[in-house]
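Each chain, written out:
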Amino acid sequence: MIRIDCAGLAPETLAGCEQIRHACDCFIRHGYALLDHILPDAMVQALRHEFEKNYAHYLQEHERLESLRVSGRRFMVPVALSGGFANPLVYANPFVMAVVQAVLDADAILEAFGAIVSLSGSEAQRLHPDGPPLFNADISALLPAHALTFALPLIEMNEQHGTTAIVPGSHRWQQPQDDARAAMPVVPVGSGLLWDFRLHHSGTPNLSSQARPMIYATYARDWYRDPVNFRKSGQRRLVFGPGFLEHVPSRARALFPSAADDDATTDTNRNQT
Ligand SMILES: O=C(O)CCC(=O)C(=O)O
């Protein structure tokens, strides 16, 4: 797999830099970008502790009103943009944003934010894209990306904890292919994996004794809404902590064009069952 090392890159000069161009090229051609050293390890360790403390109720084998079982012992759960998760380095990471704005649009939005929790013993998911084709026509696979998923693991994704298997190039498939060869990237703490919404991928089994929480962010063109992953009325795409929107830096404001939408709620809904 192609990996892009972001260590030492200056956030102010990312737009034209060689590594980001390489990441965008990989994303467009192969449907993914694997970015190393986008956050300090200590910051991600702190996010993990915060998650385990504040979201312990999601580390159980139980689907709640606001969570969604996505496969055996694997759940999609809401995470509020508050505490460490309200840090712009997390939801608008400069390296991630440089790719997002190049492969989507300068005014791409943050469409959803939360975590996928693969509990100990979680099973292999089937390969799937994150959304259906835009059109019921071959052209869907030829178009530029309309949305992407950014995955930020809170513990290393590897053979033991499980990882997200991806099938490079599958965002260009006209039909699902049975003989697809998936890549199983090791994604260390501090690295992040982006994939095109059309790319076929799957969570692999968690063989370890601990849960594997992975923060996800869906970035999208401003007209797109994920049509499949929020089918329960209790789910929320974005949950804002108190005062969050007032503190979004100007470089990240475009991510939140419709903060008053019904789909965006404040932190008070977070613990509803
Ligand atoms: O658990 C993972 O690594 C990926 C999960 C996933 O792709 C999904 O739930 O759609």
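Here, the structure is the one placed above.
Quantities reported herein were computed from a predicted structural model and do not represent experimental measurements. (Residues numbered from 1 in each chain as written. Predicted model: local features only at pLDDT ≥ 70, side-chain atom pairs only at ≥ 80, totals over all residues. Heavy atoms only, no water.)

(A) Focus on the overall build of the protein chain. Secondary structure summary: the protein chain contains four helices and twelve strands in total. Taken over the C-alpha trace, the protein chain has a radius of gyration of 17 Å; the compact-globule value for 273 residues is 19 Å, and the two agree within 12%. Evaluated residue by residue, the protein chain yields a buried proportion of 53% over its 273 residues. For the protein chain, long-range pairs separated by at least 24 residues make up 84% of all intrachain contacts whose partners lie at least 6 apart in sequence. Surface exposure of the protein chain reaches about 12000 Å², of which carbon and sulfur atoms provide 52%. For the protein chain, the centre of its 23 positive side-chain charges and the centre of its 29 negative side-chain charges are spaced 3 Å apart. (Helix = DSSP H or I, 4+ residues; strand = E, 2+ residues; numbered from the N terminus. Rg over C-alpha atoms; globule rule 2.2 N^0.38 Å. Buried < 20%, exposed > 50% of the residue type's maximum accessible area, 1.4 Å probe, protein only. Contact = heavy atoms within 4.5 Å. Areas by Shrake-Rupley, 256 points an atom, 1.4 Å probe, with all protein chains shown as cover. Lys, Arg positive; Asp, Glu negative; His and termini not counted. Charge placed at Lys NZ, Arg CZ, Asp CG, Glu CD.)

(B) Local environment of the pattern of salt bridges. Considering all chains together, one arrives at eleven salt bridges under this definition. For the salt bridge of D105 with R221, the shortest nitrogen-to-oxygen distance reads 3.9 Å. Of this pair, D105 sits in the loop between α4 (94–103) and β5 (109–118) while R221 sits in the loop between β10 (212–220) and β11 (238–240), and the two are 116 residues apart along the sequence. When its relative accessible area of 16% is taken as the criterion, R221 is described as buried. When salt bridges with common partners are traced through the structure, they connect E61, R69 and R73 into a single cluster. (Salt bridge = Lys/Arg side-chain N within 4 Å of Asp/Glu carboxyl O.)

(C) Summary view of the layout of surface pockets. In this structure, the largest pocket spans a volume of roughly 530 Å³. Looking at the largest pocket, it is lined by 30 residues, and the ones nearest its centre are V70, Q125, H128, D130 and N229. Sorting the residues of the lining of the largest pocket by element identifies β3 (68–71), β4 (74–78), β9 (201–203) and β10 as the ones contributing at least two each. In terms of residue class, the lining of the largest pocket is built from twelve nonpolar, eleven polar and seven charged. Lining the second largest pocket are 18 residues, with P133, S140, W173, Q174 and Q175 positioned closest to its centre. In the lining of the second largest pocket, the residues fall into eight nonpolar, eight polar and two charged. (1 Å grid on protein atoms, 1.4 Å probe; cavity = no way out; pocket = protein on both sides within 12 Å on 5 of 7 lines; lining within 4 Å. Points joined across faces, edges and corners; volume = space filled by probe spheres on them. Nonpolar A, V, L, I, M, F, W, Y, C, P; charged D, E, K, R; others polar.)

(D) Structural view of the environment of E52. Note that E52 resides in helix α2 (residues 41–54). Sequence separation between E52 and P213 is 161 residues, and the spatial gap between their C-alpha atoms is 8.9 Å.

(E) Quick peek at the site of the ligand. Neighbouring the ligand are 13 residues; R74, Q125, H128, T164 and H201 lie closest to it. Here an oxygen atom of the ligand and a side-chain polar atom of R212 are 3.1 Å apart. Across the complex, the protein chains shield 94% of the 290 Å² of accessible surface that the ligand would expose by itself. Comparing atom positions with the cavity grids shows the ligand to sit within the largest pocket. Counting residues per element, the ones that place at least two in the shell around the ligand are β5, β9 and β10. Across the shell around the ligand, the residue classes break down as three nonpolar, seven polar and three charged. (Near = heavy atom within 4 Å. Polar contact = N/O pair within 3.5 Å; in protein donor to acceptor, adjacent residues only side chain to side chain. Sits in = over half its atoms within 2 Å of the grid points.)

(F) Local environment of empty space enclosed by the protein. Tallied over the full model, the rule gives three cavities of 30 Å³ or more. Lining the second largest cavity, in full, are M97, Q101, D105, A106, D107, A108, R251, A252, A254 and L255. Partitioned by chemical class, the residues of the lining of the second largest cavity number six nonpolar, one polar and three charged.

(G) Molecular detail of the packing of helix α1 (residues 18–30) against α4. As a packed pair, α1 and α4 sit with axes 10 Å apart at the nearest point and diverge in direction by 55 degrees. In terms of orientation, α1 lies oblique with respect to α4. Between α1 and α4 lies a crossing whose hand is right-handed. Contact residues: α1 offers I20, A23, C24, F27 and I28, while α4 offers F95, A98, V99, A102 and V103. The residue inventory of the contact of α1 with α4, partitioned by class, reads ten nonpolar, no polar and no charged. (Axes fitted to C-alpha atoms, helices over the stretch in contact; angles between N-to-C directions. Parallel < 35°, antiparallel > 145°, perpendicular 65-115°, else oblique. Left-handed = near helix turned anticlockwise from the far one by under 90°.)

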